[in-house]
Amino acid sequence: MGWTLVVPLKPLVRAKSRLSAATGEEFRPRLALAFALDTVTAALACADVRDVVVVTDDRPAGGRLAALGARIVPDTPARGLNAALAHGAETVRARRPGAAVAALNADLPALRPAELARALHSAALFPRAFLADAADIGTTLLTATSGTELAPAFGGPSRARHLASGAREITAPDVPSVRRDVDTGEDLRAALALGVGPHTALAAPALPPQVRASGVRASGVRASGVRASGV
């Protein structure tokens, strides 16, 4: 099954606001872009991913992501995260009605293509499925196979909402990079220790020492050689 991933990205001036305390307000937008670039790079390198759609109104960020091979879709609804994700899925299926779609967070700088493939393999067994974040509170991945609405319910304790909506929770082992989203300085330290993509690794030396305390590992996912989008 070839999945189309829908990745939402706020305008960078508003993205990852909870990181400001740990990284500084001026550096935060740069990090948010680095996270998105590494997320999309790894997603496009996953054999199970057909293409990636990024829903954003941030033109400079959209340009950088398009250069990787993603298709950029404006956030026409402008009604928050879940409306943006539903809009992205609808845009995909307007072109390919039978598309299998998945919503993926844009803040997964440690994402590894092989781990994403394992999660998607597990998700393909169910009409609608999701993967909880590392804290077992939120959601990093929500999938819907052909003929099933995505019905996203992201934000806050979304794991409970997705369970209540009937989505099957994915319990694939050994997919820590797909669960490691970054909202706080502690999350970022954990991602750096796990191993981040090239864009976040390039930004890491400018981070405060307390954030880099656990060291920085590279994930090995390269920014070059990704596929062009065929959405």
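First things first, this report covers the structure right here in the doc. Position numbers for residues count from 1 along each chain, tracking the sequence in the order it is written. This being a predicted model, a pLDDT of at least 70 is required before a residue's local features are given, and a value of 80 or more before pairs of side-chain atoms are given or counted; all residues contribute to the totals for chains, interfaces and linings. To get the side-chain values, all heavy atoms of the structure are used, and hydrogens and water are removed first.

The helix and strand tally for the protein stands at nine helices and seven strands. Atoms counted for the radius of gyration: C-alpha only. Globule rule: 2.2 Å times residue count to the power 0.38. Rg of the C-alpha trace for the protein: 16 Å, near the compact-globule value of 17 Å for 231 residues, within the 12% margin. Once the C-alpha set of the protein is aligned to its principal axes, its extents read approximately 50 × 35 × 35 Å. Looking at the 231 residues of the protein, the share that counts as buried comes to 55%. Residues are treated as being in contact if the distance between any of their heavy atoms lies within 4.5 Å. A sequence separation of at least 24 residues applies to 66% of the contacts in the protein between residues at least 6 apart. Within the structure as shown, the protein displays about 9600 Å² of accessible surface, and the carbon and sulfur contribution to it stands at 54%. Starting at the N terminus, helices and strands are each numbered in turn, a helix being any DSSP run of H or I of at least four residues and a strand any DSSP run of E of at least two. A 1.4 Å probe rolled over the protein chains alone gives each residue an accessible area, and that area as a share of the maximum for its type sets the label: buried under 20%, exposed over 50%, partly exposed in between. Surface exposure here means Shrake-Rupley accessible area, sampled with a 1.4 Å probe, where a residue is shielded only by the protein chains that are shown.

Glancing now at the pattern of salt bridges. Counted as salt bridges are all cases of a side-chain nitrogen of Lys or Arg within 4 Å of a carboxyl oxygen of Asp or Glu. Counting across every chain of the model gives eight salt bridges. Where Asp183 meets Lys16, a salt bridge forms, and the shortest distance between an N and an O atom there is 2.7 Å. Of this pair, Asp183 sits in the loop between α7 (176–179) and α8 (185–194) while Lys16 sits in the loop between β1 (3–8) and α1 (20–23), and the two are 167 residues apart along the sequence. A relative accessible area of 19% places Lys16 in the buried class. Counted as one network, the salt bridges with shared partners bring together Lys16, Asp107 and Asp183.

The next subject is the pairing of strand β6 (residues 139–144). Burial within β6 is extensive, with six of its six residues counted as buried. The pairing criterion for strands is at least two bridges between them, as found by DSSP. The sheet contact formed by strand β4 (residues 100–104) and β6 spans four bridges and is antiparallel. Each bridged residue has a counterpart across the sheet, and for Ala102 the counterpart in β6 is Thr143. The pairing of strand β5 (residues 128–132) with β6 spans five bridges and is classified as antiparallel. Directly across from Phe130, in β6, lies its bridge partner Leu142. If you look at the hairpin formed by β5 and β6, you'll find six residues sitting between the two strands, and Asp136 has a positive phi there, around 60 degrees.

Once that is clear, we can look at the sheet that holds strand β2 (residues 49–55). Spatially, β3-β2-β1-β4-β6-β5-β7 is the arrangement adopted by the seven strands of the open sheet, whose pairing is mixed. Single-partner strands in this sheet number two, and they are β3 (71–73) and β7 (168–169). Only the stretch in contact is used when a helix axis is fitted, and all axes are lines through C-alpha atoms; the angle between N-to-C directions ranges over 0 to 180 degrees. Across the sheet, helix α5 (residues 113–123) is in contact with β1, β2, β4, β5 and β6; its angle to β6 comes to roughly 45 degrees.

Before going further, it helps to examine the nonpolar core. Leu5, Val52, Leu104 and Leu116 are the most contacted members of the largest nonpolar core, which totals 40 residues. Elements with a contribution of two residues or more to this core: β1, α2 (28–44), β2, α3 (59–68), β4, α5 and β5. Definition of nonpolar core: a set of buried residues of the types Ala, Val, Leu, Ile, Met, Phe, Trp, Tyr and Cys, connected through side-chain atoms within 4.5 Å. Core analysis: the next-biggest nonpolar cluster, separate from the first, contains 17 residues, Val55, Ala103, Ala144 and Phe154 among them.

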